[in-house]
Amino acid sequence: MDVVVALHVAAALLLILAGVAKIIRPVPTTDLLVSFGMPEVPAVVVVIGLVESAVGVLALVVGGPLLAAATGVLYLGFLAVVWRALVTGATTCGCFGRVNAPPSWLHIVGNAGFAAVSFVAVAGQTPTQVMAEGPAGGVVFVLGSGMIAGLALVAFTAVPEALAARRGTPSSARFHINGERPNQ
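Okay, so let's go over this structure. It should be emphasised that the depicted structure is a prediction, and the values quoted were computed from it without experimental measurement.

Cut-offs used in this document
- Every chain begins its residue count from 1, and numbering advances along the sequence as written.
- Note on the predicted model: pLDDT of at least 70 is required for a residue's local features to be given, and 80 or more for side-chain atom pairs to be given and counted; whole-chain, interface and lining totals, by contrast, use all residues.
- Side-chain figures throughout are based on the complete set of non-hydrogen atoms in the structure, without hydrogens or water.
- Numbered from the N terminus, helices here are DSSP runs of H or I no shorter than four residues, and strands are runs of E no shorter than two.
- All accessible areas in this document rest on Shrake-Rupley with a 1.4 Å probe, and a residue is counted as covered only by the protein chains that are shown.
- Residues grouped as a nonpolar core are buried Ala, Val, Leu, Ile, Met, Phe, Trp, Tyr and Cys residues, joined through side-chain atoms within 4.5 Å.
- In this scheme, a residue with accessible area under 20% of its type's maximum is buried, one over 50% is exposed, and one in between is partly exposed, where area comes from a 1.4 Å probe on protein chains only.
- The contact criterion used throughout is that any non-hydrogen atoms of two residues lie within 4.5 Å.
- A helix is expected to reach a length of 1.5 Å times the quantity of its residues less one.
- One speaks of a salt bridge when a side-chain nitrogen belonging to Lys or Arg is within 4 Å of a carboxyl oxygen belonging to Asp or Glu.
- For patch building, the residue pool is restricted to those with more than 30% relative accessible area and no salt bridge; the joining distance is 9 Å between like charges and 5 Å between nonpolar side chains (Val, Leu, Ile, Met, Phe, Trp, Tyr).
- Between N-to-C directions, angles cover 0 to 180 degrees, with each direction set by a line fitted to C-alpha atoms, over the stretch in contact for helices.
- Note on angle classes: values under 35 degrees are labelled roughly parallel, values over 145 roughly antiparallel, values of 65 to 115 roughly perpendicular, and the remainder oblique.
- Crossing handedness follows the turn of the near helix against the far one: under a right angle anticlockwise gives a left-handed crossing, and clockwise gives a right-handed one.
- Pairing of aromatic rings covers Phe, Tyr and the six-membered ring of Trp, with a centre-to-centre limit of 6.5 Å; geometry is then stacked below 30 degrees between planes, edge-to-face above 60, and tilted otherwise.

## Considerations on the overall build of the protein
Item 1. In terms of helices and strands, the protein carries eight helices and zero strands.
Item 2. For the protein, the sequential pattern of α-helices and β-strands runs α-α-α-α-α-α-α-α.
Item 3. Only carbon and sulfur atoms are counted for the fraction: they give 74% of the accessible area of the protein, which is about 9000 Å².

What follows is the structure, given as structure tokens:
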């Protein structure tokens, strides 16, 4: 069960990272939502980022079934958004404040996986309980979870970007590399 909790912790870490990215750089997500027909309100994206970050932090610090389930629900929402971005031909998933992170099937599968492990984690230990079992195991648990989160971030952003570059597809056709909209 520690593996499930470690994967759930990685999911919570990515929630925090994605939430902070949306707070700092709401433009990519705002533009993605506008492409879905929603009004252009960056404040909504900032609120989404605050919710993501709060759920991620609470899932790590407090833990428990409710927060594990909330993490799973957020990942199901992300799965739906990335799927829609992929099928509508969006140039960014809007997830990590990066304009050059195209949506991909890898991201959809990753979101499904993180949703699943978070729902399974509902019945397991909290991250604090796993770490309390022993200092050495706690260090390995924290390092392993961080490594999983880092690998997932690369899989969700850099891999699709590299594949798009290999195909010769511009991954940020509507945006400058710094995340701002081009002057029109």
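## Some remarks on the nonpolar core
Item 1. Formed by 25 residues in total, the largest nonpolar core has its most connected members in Leu14, Leu15, Tyr75, Phe96, Phe114 and Phe156.
Item 2. Of all the elements in the fold, those that place two or more residues in this core are helix 1 (2–24), helix 4 (65–87), helix 5 (105–121) and helix 7 (135–156).
Item 3. If one sorts the elements of this core by residue count, helix 1 sits on top with six residues.
Item 4. Setting aside residues no more than four positions away along its own chain, Phe156 makes contact with Leu14, Phe96, Pro102, Leu106, His107, Gly110, Asn111 and Phe114.
Item 5. Listed in part, the six residues of the second largest apolar core include Leu32, Val45, Ala85 and Ala90.

## Some points on helix 4
Item 1. For helix 4, built from 23 residues, the straight-helix expectation of 33 Å at 1.5 Å per residue is met to within 8% by its first-to-last C-alpha distance of 33 Å.
Item 2. All of the buried residues in helix 4 are Leu67, Ala68, Thr71, Gly72, Leu74, Tyr75, Phe78, Val82 and Ala85.
Item 3. Of the surrounding elements, those touching the buried residues of helix 4 are helix 1, helix 2 (27–35), helix 3 (42–61) and helix 5.
Item 4. At the exit of helix 4 stands Gly89, carrying a positive phi of roughly 80°.

## Focus on the pattern of salt bridges
Item 1. As enumerated under the stated definition, the model contains one salt bridge in all.
Item 2. Measuring nitrogen to oxygen at the nearest pair gives 2.9 Å for the salt bridge that ties Lys22 to Glu52. Of this pair, Lys22 sits in helix 1 while Glu52 sits in helix 3; the two residues are 30 residues apart in sequence, bridging distant segments of the chain. Glu52 shares its class with Lys22; the two are buried.

## Let's talk about a nonpolar patch on the surface
Item 1. The grouping of Val20, Ile23, Ile24 and Leu50 at the surface amounts to a nonpolar patch, some 340 Å² of accessible area in total.
Item 2. Residue contributions to the nonpolar patch peak at three residues, all from helix 1.
Item 3. On the basis of relative accessible area, Leu50 is assigned to the partly exposed category, the value being 48%.

## Details of the packing of helix 4 against helix 5
Item 1. The interhelical angle for the contact between helix 4 and helix 5, taken along N-to-C directions, is 165°, at an axis separation of 8 Å. Taken together, helix 4 and helix 5 sit at an angle that is classed as roughly antiparallel. Crossing of helix 4 over helix 5 shows left-handed handedness. Here Ala68, Ala69, Thr71, Gly72, Val73, Tyr75, Leu76, Phe78, Leu79, Val82, Trp83 and Leu86 of helix 4 come into contact with helix 5, specifically with Trp105, His107, Ile108, Asn111, Ala112, Phe114, Ala115, Ser118, Phe119 and Ala121.

## A word on the packing of aromatic side chains
Item 1. Applying the stated criterion to the full structure yields two aromatic pairs.
Item 2. Pairing Tyr75 with Phe114 gives two aromatic rings, centres 5.4 Å apart and planes at 50°, and the pair type is tilted. Placement of Tyr75 in helix 4 and of Phe114 in helix 5 is noted, with a sequence separation of 39 residues between them. No difference in accessibility class separates Tyr75 from Phe114, as the two residues are buried.
Item 3. Each residue in the set Tyr75, Phe78 and Phe114 is aromatic and connected to the rest through ring pairs, giving one cluster.

## Structural notes on the environment of Ala69
Item 1. Checked against the element boundaries, Ala69 lands in helix 4.
Item 2. Between the alpha carbons of Ala69 and Phe119 there is a distance of 5.4 Å; along the sequence they are 50 residues apart.
Item 3. Excluding residues that lie within four positions of it along the chain, Ala69 makes contacts with Ser118, Phe119 and Val122.

## Thoughts on helix 2
Item 1. Looking only at helix 2, the buried set comprises Pro28, Thr29, Thr30, Asp31, Leu32 and Leu33.
Item 2. Those residues of helix 2 hidden inside the fold are in contact with helix 1, helix 3 and helix 4.
Item 3. Looking at the residues trailing helix 2, positive phi occurs at Gly37, about 95°.

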